[in-house]
Structure formats: structure tokens, C-alpha cells
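Reading the structure
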Amino acid sequence: MKFVQIVDYKTERFDGMNQLMDRWVEQTKGKRTATHSVIGKDRSDGSHFVEIVEFPSYEEAMKNSQLPETDQIFQEMVALCDGMPSFTDLDVVRDEQLNTAASRRFFHEVAVGGNLDVIDELFAADYKDHDIMKEEETVVGSDVIRSDVTGWREAFDFTFNLDRQIAEGDDVVTLWTWVGTHRGTFMGIAPTGQQCKMTGTTVFRFHDGMIQEGWWHFDAVGLMRQLGALG
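Residues numbered from 1 in each chain as written. Predicted model: local features only at pLDDT ≥ 70, side-chain atom pairs only at ≥ 80, totals over all residues. Heavy atoms only, no water.

**Points about helix α4 (residues 96–112)**
In this model α4 runs 23 Å from its N-terminal to its C-terminal C-alpha over 17 residues, within 8% of the 24 Å that 1.5 Å per residue would give. The sharpest bend along α4 measures roughly 25 degrees and falls at R105. Of all the positions in α4, only N99, T100, A102, S103, F106, F107, V110 and A111 are classed as buried. Note on α4: the residue one or two positions beyond its end, G114, has a positive phi of about 75 degrees. (Helix = DSSP H or I, 4+ residues; strand = E, 2+ residues; numbered from the N terminus. Expected span 1.5 Å × (residues − 1). Bend = angle between axes of the 7 residues up to and from the residue. Buried < 20%, exposed > 50% of the residue type's maximum accessible area, 1.4 Å probe, protein only.)

Right, here's the structure in full:
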């Protein structure tokens, strides 16, 4: 689970603090696990600053804090502050930008790239799948994604172009264009060598950073027509 630490402090010597942070970044290059950092200044109090530091997980943040460079910088930071800085540790329970990145990972790394191991990183074990091409209205379990990706990859050499993504709340909507060449048996249809194209929309609903539910809508009739299965 993604982790954020908020550092709250007051200082009249921010230039010195800024130089200190630059030195820490240089000294910990290749070692630190922080992924992003933002510093904000209080508009009503020019000596009040808040730093937000992001980490992949709490465990990675602890590795970062154990670096000898981090301990040294902390001592110098305290010397520049008016009083002791405060630290707030937060587990991220919702991040729309993170969810869109996870959605893109599915299309690029799993579907096109074929890295099925990533499925366990992205999908909840009790994931619920809704697919217009399945007889069952809902299929439960992340193995459905593994099975579906394997089947599509055996039948087609394909790519996805992610035309647009919209994130709102826990949902990420991806409008995509799929282009594939029919190389293996698909829905009982022997390989035709035909290049096919279709558009579709996938909605992923996230919970605790994992994909909990998915809805797939695409031009299945158009695909079957391109494969010669429909007149």
C-alpha cells in the first residue's frame, strides 16, 4: 500500500533548509525510496512549511529513514527549525492518479506485454468481472483475468491504444482501440490471418489500491464480422 509522510515545521531559514534537502537528494541518489516530494508554505505564516513525501509503502519508508544520510540530514534540519518538526504517517486509501497508472499497467504490461505475474499486484483475489462475451453475468476471482488474457494472446497478436482515461472517485474509465491479427483459434474460429480492429471501454473500480471490479464493453459483433463468422 502506498504511504505518505507529512513533515510540519517552522523555520526562518528556509534557504538553508532548501540547500539541505538538495544535499540529501544528491547524497541518497540510488539509495532513497521516496518517489515524490512537495513542499508548501503557509500563506498566513511565512515561517510555516509542510512537506509531503510519498513512498511505495511503509516498509520502503522505513528503509529510507534508516539510511545514515537521512539521520545526518535530520539532525541538521532540527537545528534550522524553530522547535521540533512533527511527522504524520499516512497509508494512502485513495489516489485517483495511482489508479489510472494501475489501469495503464494492466493494458501495457499484462494484456500486451504478457506479464501475468503483474495480475496479483493489480487485482484483488475476489475481483468481480463483467464481460459482454461471457454467458455468466459476473465471474469472481482474479484468475478470470489470467485466463482471458491467455486466451486472447493465444488467438491474436494485438496492441491497445489507450485513447482516453477518466478517473472519478474509485472508478477509472479507459476508452481504447484494439488492433489484432488472428493467429490462433478464437471462439471456435480457426486462424484466418485477418487483421481486426475494434473499440471498447473498460471500467475498473478500485478498493484499497487494488482493482476490485471490472466492466468490459466492446464491439464484439464487429469483431466476429471481421473474422467472417457473421454475414
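The rest of the description comes next.
**A word on the packing of α4 against helix α6 (residues 143–155)**
Remark: α4 packs on α6, axes separated minimally by 10 Å, with the N-to-C direction vectors making an angle of 60 degrees. The orientation of α4 with respect to α6, classified from their angle, is oblique. Listed contacts from α6 to F106, V110, A111 and V112 of α4 are I145, V149 and R153. Along the lines of polarity and charge, the residues of the contact of α4 with α6 split into 6 nonpolar, no polar and 1 charged. (Axes fitted to C-alpha atoms, helices over the stretch in contact; angles between N-to-C directions. Parallel < 35°, antiparallel > 145°, perpendicular 65-115°, else oblique. Contact = heavy atoms within 4.5 Å. Nonpolar A, V, L, I, M, F, W, Y, C, P; charged D, E, K, R; others polar.)

**Remarks on the side chain of Q5**
The residue Q5 is located in strand β1 (residues 3–10) in this model. Q5 has contacts with E51, I52, V53, F55, F87, T88 and D89, leaving out every residue within four places of it along the chain.

**Side note on the nonpolar core**
Across soluble globular proteins, nonpolar side chains have a tendency to be buried as a group. One finds F106, F123, I145, F156, W178, F204 and L223 to be the most contacted residues of the largest nonpolar core, which totals 36 residues. Residues in contact with I145, not counting those within four places in the same chain, are F106, I119, F123, Y127, D129 and W216. Counting residues in each nonpolar core, the second largest holds 11 residues, with Y9, M17, M77 and L80 among its members. (Core = buried A, V, L, I, M, F, W, Y, C linked by side-chain atoms within 4.5 Å.)

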